[in-house]
Amino acid sequence: MADPASALTRGDDAATASGYEEHPPRMGFFTDTSVCIGCKACEVACKEWNEVPDDLVGWAGSSHDNSEGLGANRWRHVAFVEQRAPLGTQQANFQRDGGDFRWLMESDVCKHCTEAACLDACPTGAIFRTEFGTVVVQPDICNGCGYCVPACPYGVLDKREEDGRIFKCTLCYDRLGEGQEPACAKACPTDSIMFGPLEELRERAGDRVQELHERGMGEARLYGEDPGDGVGGAGAFFLLLDEPEVYGLPPDPVVTTRDLPETWKAVGIAAGALLAGAAACFAGARR
Amino acid sequence: MSRRVPTPGDYPLLRQLRGEDRLARGAAAKSRRSAELRARTATADRTVKSVCPYCAVGCAQNIFVKDGRIVQIEGDPDAPHSRGRLCPKGSATKQLTTGASRERRVLYRRPGGTEWERLDLETAMGMIADRVVRDRRAGWEEEEDGDRLRRCMSIAALGGATLDNEENYLIKKLLTALGIIQIENQARVCHSSTVVGLGTSFGRGASSTLPGDLQNSDLIVLEGSNMAEAHPVAYQWVVEAKARGATIVHVDPHFSRTSAMADHFVPLRAGTDIAFLGGIINHVLSTESDFREYVLAYTNASTIVGEAFEDAGAAGLFSGYDEEEMSYDPQSWQYDGAFVGAASGQRDQEGNVDRLQKSDLGGPGGRGEIKRDETLQHRRCVWQIMKRHYAAYTPAMVEQVCGVPQDVFAEVCRLFVENSGRERTTAFVHGVGWTQHTIGSQYIRAASILQLLLGNMGRPGGGVMAMRGHASIQGSSDIPTLFDTLPGYIPMPHAHGHDDLDDFVSADAPARGFWANMRDYVVSLLKAYWGETATADNDYCFGYLPRLTGSHSTYDTTMAMVEGKVKGFFLFGQNPAVGSANTRMQRLGMSKLDWLVVRDFSLIESATWWQDGPEIESGEMRTEDIDTEVFFLPAAAHTEKEGTFTNTQRMLQWHHKAVDPVEDQRSDLWFTFHLGRMIRERLAGSEDERDRPILDLTWDYPTEGRHDEPLADAVLAEINGWNADGEFLSAYTELKADGSTSCGCWIYCGCYADGVNQTARRTPAAEQNWTGGEWAWAWPANRRILYNRASADPSGKPWSERKALVWWDEEKGEWVGHDTPDFEPAKRPDYVPDKDAVGPAAIRGDEPFIMQADGRGWLFAPAGVADGPLPTHYEPQDSPVRNRLHEHQRDPARELYEHEWNRYHPGPDEPGAEVFPIVATTYRLTEHFTAGGMSRWTPYLAELQPEFFVEVSPELAAERGLEHAGWATIVSARGAVEARVMVTDRMTPLRVDGRTVHQVGMPYHWGPNGLARGDSMNELSSMALDPSSHIQEVKALSVDVVAGRRPRGAARTELVAEYRRRAGITAATRVR
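Each chain carries its own residue numbering, running from 1 in the direction its sequence is written. Here every chain gets a letter starting at A, and every ligand a number starting at 1, in the order they are written. A pLDDT threshold of at least 70 governs which residues receive local features in this predicted model, and a stricter bar of 80 or more applies before side-chain atom pairs are shown or counted, although totals over entire chains, interfaces and linings include all residues. Note that the side-chain values use all heavy atoms of the structure and ignore hydrogens as well as water.

Student: Help me understand the packing of helix H6 (residues 121-138) of chain B against helix H28 (residues 668-683) of chain B in this model?
Tutor: Axes are the key here: two packed helices are described by the angle between their axes and the distance separating the axes. All names here are of chain B. For helices, the fitted axis covers only the stretch in contact; all axes are lines through C-alpha atoms, and the angles between them, taken along N-to-C directions, range from 0 to 180 degrees. Going along the chain from the N terminus, every DSSP run of H or I of four or more residues is numbered as a helix, and every run of E of two or more is numbered as a strand. Relative orientation of the contacting elements H6 and H28 amounts to 60 degrees, with a least axis distance of 9 Å. With respect to H28, the axis of H6 lies oblique. In this structure, the crossing between H6 and H28 has a hand that is right-handed. On the side of H6, the interface is formed by Leu121, Glu122, Met125, Gly126, Ile128, Ala129, Asp130, Val132, Val133, Arg136 and Arg137, while H28 contributes Trp670, Phe671, His674, Leu675, Met678, Ile679, Arg682 and Leu683. Class assignment of the residues belonging to the contact of H6 with H28 gives a composition of twelve nonpolar, two polar and five charged. What sets the label is the angle itself: under 35 degrees gives roughly parallel, over 145 gives roughly antiparallel, 65 to 115 gives roughly perpendicular, and the rest give oblique. For a crossing to be left-handed, the near helix must be turned anticlockwise from the far one by less than a right angle; the clockwise case is right-handed. Any pair of residues with heavy atoms lying within 4.5 Å of one another is described as a contacting pair. The nonpolar class holds Ala, Val, Leu, Ile, Met, Phe, Trp, Tyr, Cys and Pro. Asp, Glu, Lys and Arg form the charged class, and all remaining residues, Gly among them, are polar.

Student: Got a minute to help me understand the confidence of the model for chain B in this structure?
Tutor: Residue and element names in this part refer to chain B. pLDDT is a residue-level measure of predictor confidence that goes from 0 to 100. In this model, chain B carries an average pLDDT of 95, and 97% of its residues clear a pLDDT of 70 or more. This stretch, residues 349-353, has a pLDDT under 50; its non-local contacts, to residues over four places away or in other chains, come to 14 contacts. Our summary of model confidence lists the complex with pTM equal to 0.96 and ipTM equal to 0.95.

Student: Hey, could you run me through the state of the cysteines in this one?
Tutor: Every disulfide links exactly two cysteines, by a covalent bond between their sulfur atoms. Residues and elements named next belong to chain A. Counting rule for disulfides: a pair of cysteine sulfur atoms within 2.5 Å. Using the criterion set out here, one finds zero disulfides over all chains in the structure. Not engaged in a disulfide, the cysteine Cys169 finds its nearest cysteine sulfur in Cys110; these two sulfurs lie 5.6 Å apart. Sulfur of Cys172: no disulfide; nearest cysteine sulfur belongs to Cys184 and is 6.2 Å away. Exposure is judged per residue with a 1.4 Å probe applied to protein chains only, and the accessible area is read against the type maximum: over 50% gives exposed, under 20% gives buried, and values in between give partly exposed. Judged by relative accessible area, Cys172 falls into the buried class, the value being 6%.

Student: Teacher, can you tell me more about a nonpolar patch on the surface here?
Tutor: Residue and element names in this part refer to chain A. Together, Leu260, Trp264 and Val267 make up an exposed nonpolar region whose accessible area comes to about 300 Å². Mapped onto the elements of the fold, Leu260 is located in helix H9 (residues 260-286). Taking relative accessible area as the criterion, Leu260 reaches 34% and is therefore assigned partly exposed. Here the term patch refers to residues with relative accessible area over 30% and no salt bridge, with like charges joined within 9 Å and nonpolar side chains (Val, Leu, Ile, Met, Phe, Trp, Tyr) within 5 Å. The Shrake-Rupley method, run with a 1.4 Å probe sphere, supplies the accessible areas, and residue values consider only the shown protein chains as cover. What counts as a salt bridge is simple: a side-chain nitrogen of Lys or Arg found within 4 Å of a carboxyl oxygen of Asp or Glu.

Student: In this structure, what is going on with the pairing of strand E8 (residues 155-158) of chain B? I would like to understand it.
Tutor: Successive side chains on a regular strand alternate, one facing one side of the sheet and the next facing the other. Residue and element names in this part refer to chain B. Residue alternation in E8 divides its side chains into two sets, Ile155 and Ala157 and Ala156 and Leu158, and both sets are buried. Inspection of the sheet shows E8 paired to strand E19 (residues 568-572) by four bridges, in the parallel sense. Paired with Ile155 across the bridge in E19 is Gly568. Strands are labelled as partners when DSSP assigns at least two bridges between them. Looking at chain direction, E8 and strand E9 (residues 183-184) are connected through two bridges and run parallel. From the neighbouring strand, Leu158 faces E9, where its bridge partner is Glu184.

Student: How do you make sense of the pairing of strand E30 (residues 918-923) of chain B when you look at a structure like this?
Tutor: Residue and element names in this part refer to chain B. Most of E30 sits out of view: six of its six residues are buried. Covered by surrounding structure in E30 are Ile918, Ala920 and Thr922 together with Val919, Thr921 and Tyr923, the residues of both alternating faces. With three bridges joining them, E30 and strand E38 (residues 1037-1043) adopt antiparallel strand pairing. Paired with Val919 across the two strands is Ser1038, which belongs to E38. Pairing analysis gives five bridges linking E30 to strand E36 (residues 999-1003), with the strands arranged parallel. Bridge pairing in E36 links Thr921 to Gly1001.

Student: When you look at the pattern of salt bridges in this model, what are you seeing that I'm missing?
Tutor: Pairing is possible between side chains of opposite charge, provided their charged atoms come close. Summed over the entire model, instances satisfying the criterion amount to 99 salt bridges over all chains. Residue B:Arg25 is joined to A:Asp120 by a salt bridge in which the shortest nitrogen-to-oxygen separation is 2.5 Å. Here A:Asp120 lies in helix H4 (residues 117-121) and B:Arg25 lies in the loop between helix H1 (12-18) and helix H2 (32-35), a pairing that spans two chains. A:Asp120 carries the same exposure label as B:Arg25, and that label is buried. Put simply, B:Glu681 and B:Arg677 hold a salt bridge, and the shortest N to O gap is 2.8 Å. Of this pair, B:Glu681 and B:Arg677 are both found in helix H28, four residues apart, which corresponds to roughly one turn of the helix.

Student: Quick question: what am I supposed to make of the sheet that holds strand E8 (residues 193-197) of chain A here?
Tutor: Working definition: the strands of a sheet are paired by backbone hydrogen bonds and lie parallel or antiparallel to each other. Residue and element names in this part refer to chain A. Taken in spatial order, the four strands make up an open sheet running E8-E1-E10-E9, and their pairing is mixed. The sheet terminates laterally at E8 and strand E9 (221-223), the two strands that pair on one side only. Neighbouring strand axes in the sheet, compared pairwise and without regard to direction, differ in orientation by 25 degrees on average. Against the sheet, helix H8 (residues 198-214) engages strand E1 (27-32), E8, E9 and strand E10 (236-240), with an angle of about 135 degrees to E8.

Student: Help me understand the sheet that holds strand E23 (residues 651-655) of chain B, please; the structure alone is not making it clear to me.
Tutor: Residues and elements named next belong to chain B. Judged by pairing direction, the sheet is antiparallel, and its three strands sit side by side in the order E22-E23-E26 without closing on themselves. Each edge of the open sheet carries a strand with a single partner, namely strand E22 (643-646) and strand E26 (777-778). Bridge count between E22 and E23: four bridges; the pairing is antiparallel. Considered in E23, the bridge of Gly643 is made with His655. Where helix H7 (residues 165-177) meets the sheet, it contacts E22 and E23, and its direction lies at approximately 95 degrees from that of E22.

Student: Explanation requested: H7(B) in the structure shown.
Tutor: Residue and element names in this part refer to chain B. The end-to-end C-alpha distance of H7 is 18 Å, a good match for the 18 Å that 13 residues give at a rise of 1.5 Å each. Within H7, 13 of the 13 residues are buried, which leaves the element mostly enclosed by the surrounding structure. Positive backbone phi, at 85 degrees, marks Gly179, one or two positions downstream of H7. Multiplying one less than the number of residues by 1.5 Å gives the expected span of a helix.

Student: Quick question: what am I supposed to make of the environment of B:Glu734 here?
Tutor: All names here are of chain B. With respect to the element layout, Glu734 can be found in the loop between helix H30 (712-720) and E26. The sequence separation of Glu734 and Tyr521 amounts to 213 residues, and the corresponding C-alpha distance is 9.9 Å. The residues touching Glu734, leaving out its near neighbours within four places in the chain, are Leu729 and Thr741. A distance of 3.3 Å separates a polar atom in the side chain of Glu734 from the backbone nitrogen of Ser730. By the criterion applied in these results, polar contacts are pairs of N or O atoms within 3.5 Å in which, for protein atoms, one can donate a hydrogen and the other can accept it, and in which residues neighboring in sequence qualify only through two side-chain atoms.

This is how it looks when you write it as structure tokens:
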């Protein structure tokens, strides 16, 4: 039987680790926020395809974001950040305070982590790793226990109140099965959302960061691309133009079940010590 | 792929124990449902090719149908122009068309009724037909001062830019035959200024290029445009250009999602683009950085203007102004010794015939001979006139007027000059930020002048990319449902001087160029309308056309309604109670109607105002006292009918039908055809001369299906036209004036060439070049980039290899290249016409602007633009800033309307000026669509932008105590609205005229109905129009902004009244 610890930490080939003997290359998203125009086509295309209910929250006035973030009824979410800072060599020419201004936009989505805490926490087997290396909640299995909700380091998973089950991005599992790209990637007018084999995307992302640096956008960086990060690298990673916190993303996410093996080991040791101690007490008591 | 269907022996636990997935985290945990999962796009019964119904980018859509229902709508990746992408609205098409918000049954409101009632469709149609017949007679005008009018002024129609070309064609055809001339649509209030500006400058009033060409630009200047929000999928080409190293500049009063990716954002005071562009023109002229060879060969720079012409000077008034009439006689602007008509705009409303008959010019067609000074020194040559005119538009003046600092302005000028010329090209992209002004046409003219000076017209990556708004607004301009044109931009005949076809053609057809063949186009159109009845003996039924006597634009009709002169009104998918200026006047007008027919998806504000409009809330009107009968007829969606949309790049795309509409929903083709049929049945056997046009009309389209739906195909075939043998025509050059050809719209001739529906072609992008010439069909003659002859020098060689587009191939003896040449294929570059040549034969081999009377791009417009041959800066009608460039504060020729509820604001130097000190502008958000009819009822869109808000700078917020996420009340002399407050750095105060001027911005999509509700911004705007295009000014006005919600009921009206008192506003305020 495979060592649970190594299964959790087995690197890139998440699908093989999940028992698929033959499988296609791992597929994912590279979301390049440097070309995002904040149009929210991704949000709508996703809802239409996946028949996600509408959730009119009301006017939030958080720049042009009138929703609360990713949730059971929002699997793509566009964040808007207005800052008094320059963006590379752009000239905003405002007459106030130095004149700099930039408006960052980012389409957020489930990260489909290599080391997925939601997958670890799910007791029913509803959440599983697909042959594409993606992480999917199976609505026919999910019992709505909600263990996965606090497990996710990004706060992606959420319960659909009127339904009772947990819902999140499936990376359009049904479309992948037909060789079609996810609805959001297809709709995106500027190709900010790119879909394809993760390896290729990582390469493309590396080139893009370099290109942006050469064009004077020194703050461009990748987020979630590194297989050595706290979640083993994300299946959906990003090019950001500022710190992750600015976008509402955790700066150093770690798979929350990372310490489970250590924890169980410690529990084992403690239990063993307790038993040994109890045995010692009773053994001594007999004399 | 390891997708196995589980068998009884394949339980997850067994799989876990026996397989590789010992922890049951993958393969072993896959459920049966997951294993059997299919995508709807793969299991559909069929895929139907369609086009997005929202904006004018016209993204191609694939509709997936299963068991007779639409299961998915997404982009078509084969399309060269959209590449399979869709914006949030296009992505919501399935919900729009199949969602619960659509009405399914006819609704009827009786006069004085308080509620809707049910009415069956057949009865409703009969009632409407009865009313048309009855009220048409009541409002008939047979003649005026001896001139025949032959028209009905008691019925009007508005819409529709969201309708198919075939539908607009039938609407115009039917209503015209009934004598109705008050036919308008969204094109009037949207890009009518573009038609005037581009048409007079280059010969055609449509976008000269396509968004896909922007990838070839070295510099893209987006101005008067919020392209990333209004046209996201087209914006991909800007992103493409940027990736190739292009510089992107966005000039705008507010920093939008378009600005976020621009290299340079230039904040500008709303309403001052002519000063800005004029400044750049001045820069180019005074530094001699124009593309000289291009200018000399291809523009009218060297043309000498007549002696009678006087510069506008410091006063800002050209020669020929009549102060009483507030209008110009353009006679003195004409060329020296020659008479040229414009290809567009005000070609003739008052009688060029008189002028020609009085003049003694000789030359071809009696139009004299043009004189030129190629050294550009003659005092009255266009070049020198322009230099004098723009001399005052200095960088310092631009700073003072526009609020753009001189160093920023200098940078923009530098970018323009460095990115134009032989090796590099610059493109302008504009939208209604430029068109919707009292000098809107001149905005477009200014950009056109700049592009001619810099040699950017007709070249790859150059041009003026006019981004229009609705799925088929280009079509509803071309076909058109407009009062002043017939299909193909043939002018509607005027009562005075257009007695017969000869008069009409000689007045309006220039001697040279393709408009010289106007007789061919007109006769062919008349044959399409009246078929066998139209013969040479009766002037091809030219007398059947009703006559104009002036402007009958939508706002003139609004006033006529208010005065009780209009009895019946049709709305075809247009919502003037939100989308037109001065919505109060719109509702007031409708309350005076006898009957109103609204065709739409949902109960828009223009259908319900009698029940719950602001005037009901305030008590100014009582529902029971409003006698307007209202018929609401639910409309079919584009998925439920077939036909063509013409998008912003002049491309006609056929959309196929996917499903049937349900219950009472019908297409506008069905409605118009059957209404026409029923009216003709009621008038059958009539001996009344007035009924001849409608009874002789060709109106026998084949129908099919249980609803007797007319075949759109048959209508498109009529639009394309055929010859006497019934063969489809392939090009407008085949049209004749002898009655042997029939053609419903000459510029669309060729769309059904060889009997093949060219608009349905779907050659994938991968199989052709970037112009996408084999996808669908563009007018004219499938040319994608207009004036592309200008991409080659006079000898026929490209100006540079890098910017080669079309060029002369001596061996083949024809023009070749990447696009269909916009030129006679075999005309040599060195062709020189005979002295008395007329028509296309009179155009030289080096004159690329073949629709122009002189074959040249017009820097100076001697005709066609009502308020001057050169763009001049005037302030908006309502402005808190003094015009520092000219003495005339406002456009001397603008159109104004006098009414209690259309008062204007005092001028900046008058008492009361401080009452409305803040500049307001309006714009769009990507999540909503125009007046909201297609987005505020769609949950996936409504939730993205649920409420009306106003964007204010932190500085203004501090000054006025406005709290972010709080409320503000915005007031003008017309109304008061409330909005959520968005305090944002993206709005900035400007240093203008030595002081700080604040600006606020309001998206205009909202109304009180639907899921996303709010006040309408257009409660604030006035009716003040551009004199050439009759377009309203909603892009720059003045307002006051105070914290807090607005009063309710009568107190709201009282608030506005109080403001008017404080500002001392009367009927006389600023009407001069």
